Structure formats: structure tokens, C-alpha cells
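# Breakdown of the fold
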Amino acid sequence: MDLVATKKGLCKLEEMFLQTDLRKSPQELSELLAHDFIEIGSSGRTYDKQETIAALMTSSLVESRISDFE
């Protein structure tokens, strides 16, 4: 079964994006994100794959965790 096909698998992939090493690796980010990836920010603005990778590369890291994943 494909990892993304399950809620647990999707949550695990989301948790990967909280890891410092991954967030600082444009190559790994590019491999994980689909070529047509779109992020919708809390403001409603959309970001394409390259904009998302650039933002992750320059963002300050805050310790985070996922809870109540739906």
C-alpha cells in the first residue's frame, strides 16, 4: 500500500517537514513535493513548489509537532 494512501502515512510525511535536516535540503524537498505542488498559506495566498522550497530554506525553525491530525 502506498504510504500516502493512509492517514498514518500522510501524517508521517507531514512530520518529515518538521525536521531541520529536511527543511534545509532543497534536493530532498524537491523529491518529496510533487512537481505541481501548491501550498495555501494561512492568509489564503498560494505558493508553488519553488516558492515553498525557498521559504523553507530561509525560515527560522521553531520546534513543532503535529496533533489531532485530520
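The coordinates are above.
Here is a short report on the structure shown in this document.

Reading the values: the criteria
- Residues numbered from 1 in each chain as written.
- Predicted model: local features only at pLDDT ≥ 70, side-chain atom pairs only at ≥ 80, totals over all residues.
- Heavy atoms only, no water.
- Helix = DSSP H or I, 4+ residues; strand = E, 2+ residues; numbered from the N terminus.
- 1 Å grid on protein atoms, 1.4 Å probe; cavity = no way out; pocket = protein on both sides within 12 Å on 5 of 7 lines; lining within 4 Å.
- Points joined across faces, edges and corners; volume = space filled by probe spheres on them.
- Nonpolar A, V, L, I, M, F, W, Y, C, P; charged D, E, K, R; others polar.
- Salt bridge = Lys/Arg side-chain N within 4 Å of Asp/Glu carboxyl O.
- Buried < 20%, exposed > 50% of the residue type's maximum accessible area, 1.4 Å probe, protein only.
- Contact = heavy atoms within 4.5 Å.
- Core = buried A, V, L, I, M, F, W, Y, C linked by side-chain atoms within 4.5 Å.
- Arc of directions from axis to C-beta.
- Polar contact = N/O pair within 3.5 Å; in protein donor to acceptor, adjacent residues only side chain to side chain.

### Quick word on unusual backbone geometry
- Phi is positive for D68, which is not a glycine, with a value near 50 degrees.
- On the secondary structure map, D68 appears in the segment after α4 (49-58).

### Here we look at the layout of surface pockets
- Looking at the largest pocket, its volume works out to about 460 Å³.
- Elements with a contribution of two residues or more to the lining of the largest pocket: α1 (7-16) and α4.
- Per-element tally for the lining of the largest pocket: the top contributor is α4, with 4 residues.
- Here the lining of the largest pocket is built from residues that sort into 12 nonpolar, 2 polar and 3 charged.

### Points about the pattern of salt bridges
- A complete count under the given rule lists 1 salt bridge for this structure.
- Across the pair R45 and E51 runs a salt bridge, and its minimum N-O distance is 3.7 Å.
- For R45, a relative accessible area of 41% gives the class partly exposed.

### Observations concerning the side chain of T52
- Looking at where T52 falls in the secondary structure, it is placed in helix α4.
- For T52, the contacting residues outside a window of four places in its chain are L33, F37, E39 and Y47.

### Quick look at the nonpolar core
- Grouped together as the largest cluster of nonpolar side chains are 6 residues: F17, L22, L29, L33, I53 and L56.
- Leave out the neighbours within four places in its chain, and F17 touches L22, R23, L29, L32, L33 and L56.

### Some details on the environment of R65
- Take R65: it is sitting in the segment after α4.
- Each C-alpha atom of the pair R65 and E39 lies 19 Å from the other, and the pair is 26 residues apart in sequence.

### What about α4?
- Among the residues making up α4, those that are buried are K49, T52, I53 and L56. What you see down the axis of α4 is that its buried residues fit within an arc of 100 degrees, all on one side. Residues of α4 that are exposed and point over 90 degrees away from its buried face: Q50 and T58.
- Buried positions along α4 lie against α2 (20-23), α3 (26-32), β1 (38-40) and β2 (46-48).
- In this structure D48 caps α4, since a side-chain oxygen of it lies 3.1 Å from the backbone nitrogen of Q50.

So yeah, pure geometry; function would need other evidence.
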